[in-house]
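# Descriptive structure summary
The primary structure of each chain is shown beneath.
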Amino acid sequence: MTDTSIDYARQQDAGDPLAIYRQQFHIPPGPDGDSIYLCGNSLGLQPREVQQLMDEELEAWRELGVEGHFRATRPWMAYHEQLAHPLAALVGAQAEEVVAMNTLTVNLHLMMVSFYRPTKERFRLLIEKPAFPSDRYAAESQVRFHGFDPDEALVELTPRDGEAGIEDEDIAACIEQYGDSIALVMLPGVQYYSGQLFDMGTITALARKQGCAVGWDLAHAAGNVPLALHDWGADFAVWCSYKYLNAGPGAVAGCFVHERHGRAFDLPRFAGWWGHDKATRFQMGSEFVPMNGAEGWQLSNPPIFSLTPLIASLSLFEDAGMDRLRQKSIALTGYLQALLNELLAEQVRIFTPGDPTQRGCQLSLSLAGGREHGRAVFEAISDAGVIADWREPDVIRVAPVPLYNSFEDVWRFVDILRRQFT
Ligand SMILES: *Cc1c(COP(=O)(O)O)cnc(C)c1O
């Protein structure tokens with residue numbers, strides 16, 4: 001039995017050592033007080049510190065012009081470097097293995113240039129179905145770019161009939177079956193639709209044993225679940241920074257390249273001047289000499305104004321610590337699950353895995369009563385101040401984020417949802 005009283009939710013918040021971080025964010029207003037923002041899986045909220053940091057960069061540009069590259073408080077020349085340590089901590093990497101650059105899909109392509117290198121015997125690319133469209137388009141276009149037929153080369157891991165998640169044993173069987181013809185395994189850490197968290201360590205090990213390269217799309221995993229990319233031995237990973245990392249719309253993404261490739265200068269790569277050895281970059285020579293590590297995959301000088309919010313956000317992650325965040329996340333999402341099961345079992349089916357080790361903070365809910373009814377419910381809860389997202393045909397995704405959501409948010413959400421069914 002779950003205590004369904006609001007007092008219980010408030011007690012949990014009062015005892016929560018991470019509750020203080022909510023005040024570090026702007027919570028969008030709702031019809032009465034704060035909205036119930038459960039959409040951090042889509043666009044994270046703005047840390048309050050962003051405004052000041054942005055003002056400082058604008059001032060540096062205003063007052064210093066080009067000299068800001070050297071004389072700004074955070075000199076623009078080495079701007080991205082200050083993100084390496086906090087990003088590395090977040091994804092379980094060494095500082096040299098990560099870089100903030102570009103956007104997710106761009107990084108996916110750059111990584112596939114280096115790590116999807118199909119041959120006649122080993123040409124397949126393993127993805128999941130239904131993959132996020134951008135990943136599917138990127139994978140398919142890479143396959144075609146190399147002159148292969150996507151119908152043959154793309155292997156799509158699909159949930160069993162009637163299931164939303166993909167079983168571990170099905171993943172293992174697929175890697176076993178196709179392993180010696182797979183050039184690259186490219187899967188999400190957390191599936192965007194179902195919220196399923198994959199066992200990245202085990203899958204990476206299985207695939208590497210078969211000689212496949214392994215890349216992870218961490219769009220829904222970075223800042224949501226603990227990661228250990230270096231120890232797992234993944235070849236690469238990419239993620240965006242506007243979801244759980246709260247760096248604002250279209251923010252600069254992240255990229256991981258394992259240490260063992262960091263000095264593999266013979267790897268095919270698409271090069272740009274910011275990937276060139278910084279000691280000689282400005283000699284403007286014609287021969288490309290890549291930097292060591294992930295930085296060697298950079299193309300352009302970085303967009304300072306889109307990196308700035310990430311500095312503010314990552315300092316909160318550093319401060320709160322991913323382990324503590326995960327602990328709260330498991331409690332918060334578990335509370336949401338328990339309330340829904342207690343109060344709305346007939347009306348709402350949760351199709352995210354019930355086991356907390358197989359999910360992050362998001363729960364995906366399928367509403368009873370068909371699409372029209374579901375859509376009406378979604379609109380009604382939106383009017384009442386819930387910010388969540390709707391996916392066809394009848395799905396609401398909600399993500400209580402441990403950095404800024406409260407137990408009371410969860411309680412209020414369930415209360416508003418419940419009122420639509422009575
Ligand atoms: C959010 C998301 C993207 C978005 O790609 P962008 O290049 O940042 O627009 C791609 N893939 C997955 C799995 C995502 O969740």
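Residues numbered from 1 in each chain as written. Predicted model: local features only at pLDDT ≥ 70, side-chain atom pairs only at ≥ 80, totals over all residues. Heavy atoms only, no water.

### Observations regarding the layout of surface pockets
Selection criterion: Both cavities and pockets are sets of points on a 1 Å grid over the protein atoms alone; in a cavity a 1.4 Å probe fits but cannot get out, in a pocket the set is open with protein on both sides within 12 Å along at least five of seven lines, and lining residues sit with an atom within 4 Å of a point. Grid points are joined across faces, edges and corners, and a volume is the space filled by probe spheres set on the points. Strands here mean DSSP runs of E at least two residues long; helices mean DSSP runs of H or I at least four residues long; both are numbered from the N terminus. Here the nonpolar group is Ala, Val, Leu, Ile, Met, Phe, Trp, Tyr, Cys and Pro; Asp, Glu, Lys and Arg are the charged ones; every other residue, Gly included, is treated as polar. An automatic or database domain assignment is the source of the domain bounds shown.
Of the volumes computed, that of the largest pocket is approximately 330 Å³. In terms of lining, the largest pocket is formed by 23 residues, of which the most central are Phe132, Asp135, Asp217, Ala219 and Lys243. Of all the elements in the fold, those that place two or more residues in the lining of the largest pocket are α5 (104-115), β3 (124-128), α6 (133-145) and β5 (182-188). Its residues assigned to classes, the lining of the largest pocket comprises 11 nonpolar, 6 polar and 6 charged. Shared between two domains, the lining of the largest pocket takes at least three residues from each, and those domains are domain 1 (6-41 + 321-419) and domain 2 (54-318). Considering only enclosed or pocket space, the second largest pocket measures out at about 240 Å³ in volume.

### Considering the domain arrangement of the chain
The test is simple: Here the quantity called buried area is the total loss of accessible area, with a 1.4 Å probe, experienced by two parts when brought into contact, counted for both. Salt bridges, as used here, are contacts in which a Lys or Arg side-chain nitrogen is within 4 Å of a carboxyl oxygen on Asp or Glu. Any pair of N or O atoms that falls within 3.5 Å is considered a polar contact. Within protein, one atom must be able to donate a hydrogen and the other to accept it, and sequence-neighbouring residues count only if both atoms are side-chain atoms.
Taken domain by domain, the chain consists of domain 1 (6-41 + 321-419) and domain 2 (54-318). Computed over C-alpha atoms only, the centres of domain 1 and domain 2 are separated by 29 Å. Both faces considered, domain 1 and domain 2 share a buried interface measuring about 2000 Å² in area, 60% of it formed by carbon and sulfur atoms. Interface area lost by domain 1 to domain 2 is led by Asn41, Met322 and Phe351, which between them contribute 25%. The tally of links from domain 1 across to domain 2 stands at 0 salt bridges. At the junction of domain 1 with domain 2, the criterion picks out 9 residue pairs in polar contact (both at pLDDT 80 or more). The element best represented in the side of domain 1 that touches domain 2 is helix α12 (residues 322-343), accounting for 3 residues. Here the side of domain 1 that touches domain 2 is composed, by residue class, of 13 nonpolar, 10 polar and 5 charged.

### A word on the sheet that holds strand β13 (residues 395-398)
Strands in a sheet are paired, the pairing made by backbone hydrogen bonds, and the direction either parallel or antiparallel. Where we set the bar: Two strands qualify as a pair provided DSSP detects at least 2 bridges between them. Helix axes use the C-alpha atoms of the stretch in contact, all axes being lines fitted to C-alpha atoms, and the angles between their N-to-C directions lie in the range 0 to 180 degrees. Should any heavy atoms of two residues lie within 4.5 Å, those residues are counted as being in contact.
Strands sit in the order β9-β10-β13-β12 across an open sheet of 4 strands; the sheet is antiparallel. Edge positions in the sheet fall to β9 (348-350) and β12 (389-391), since each of these pairs with one other strand and no more. For this sheet the average axis-to-axis angle between neighbouring strands, irrespective of direction, equals 30°. The pairing of β12 with β13 spans 3 bridges and is classified as antiparallel. In the strand pairing of β13, Asp389 is matched with Arg397. Where α12 meets the sheet, its contacts fall on β9, β10 (363-367) and β13, and the angle it forms with β10 comes to roughly 15°.

### Focus: the site of the ligand
In plain terms, the rule: Any residue with a heavy atom lying within 4 Å of a molecule or strand is counted as near it. Under the convention used here, a 1.4 Å probe and the Shrake-Rupley method define accessible areas, while residue burial counts only the protein chains that appear. Those molecules having more than half of their atoms within 2 Å of a cavity or pocket grid point set are described as sitting in that cavity or pocket.
In the vicinity of the ligand, the contacting residues are Leu104, Thr105, Phe132, Asp135, Asp217, Ala219, His220, Tyr242 and Lys243. The contact in question runs from a nitrogen atom of the ligand to an N or O atom on the side chain of Asp135, over 2.6 Å. Note that an oxygen atom of the ligand is positioned 2.6 Å from one of the side-chain N or O atoms of Tyr242. Considered on its own, the ligand offers 390 Å² of accessible surface; in the complex 84% of this is hidden by protein. Spatially, the ligand is embedded in the largest pocket.

### A word on the pattern of salt bridges
Quick reminder of the rule: Using a 1.4 Å probe on the protein chains alone, a residue whose accessible area is under 20% of its type maximum counts as buried, one over 50% counts as exposed, and one in between counts as partly exposed.
Going through the model one piece at a time under the given rule, you end up with 23 salt bridges. Residue Asp235 is joined to Arg260 by a salt bridge in which the shortest nitrogen-to-oxygen separation is 2.9 Å. Of this pair, Asp235 sits in the loop between α10 (229-232) and β7 (236-239) while Arg260 is found in the loop between β8 (254-257) and α11 (304-320), placing the two residues 25 residues apart along the sequence. For Asp235, a relative accessible area of 6% gives the class buried. The residue Arg371 makes a salt bridge to Glu372 at a minimum N-O spacing of 3.1 Å.

### Re the packing of helix α1 (residues 6-14) against helix α14 (residues 407-419)
Selection criterion: For classification, angles of less than 35 degrees are called roughly parallel, those exceeding 145 degrees roughly antiparallel, those between 65 and 115 degrees roughly perpendicular, and all remaining angles oblique.
Contact pair α1 / α14: the axes reach a minimum separation of 7 Å and the direction vectors enclose 155°. Here α14 runs roughly antiparallel to α1, going by the angle between their axes. Across the interface between the two elements, Ile6, Ala9, Arg10, Gln12 and Asp13 from α1 touch Phe407, Glu408 and Trp411 from α14. Looking at the contact of α1 with α14 residue by residue, the class counts come to 4 nonpolar, 1 polar and 3 charged.

### Some points on α11
Stated precisely, the cut-off is as follows: Under the convention used throughout, the expected extent of a helix is 1.5 Å for every residue step, that is, one less than its residue count.
Its 17 residues place the ends of α11 25 Å apart at the C-alpha level, agreeing with the 24 Å of an ideal helix rising 1.5 Å per residue. Counting buried residues in α11 gives 12 out of 17 residues, a clear majority hidden from the surface. Within α11, the full set of buried residues consists of Ile304, Leu307, Thr308, Pro309, Leu310, Ile311, Ala312, Ser313, Leu314, Leu316, Phe317 and Ala320. At the exit of α11 stands Gly321, carrying a positive phi of roughly 85°.

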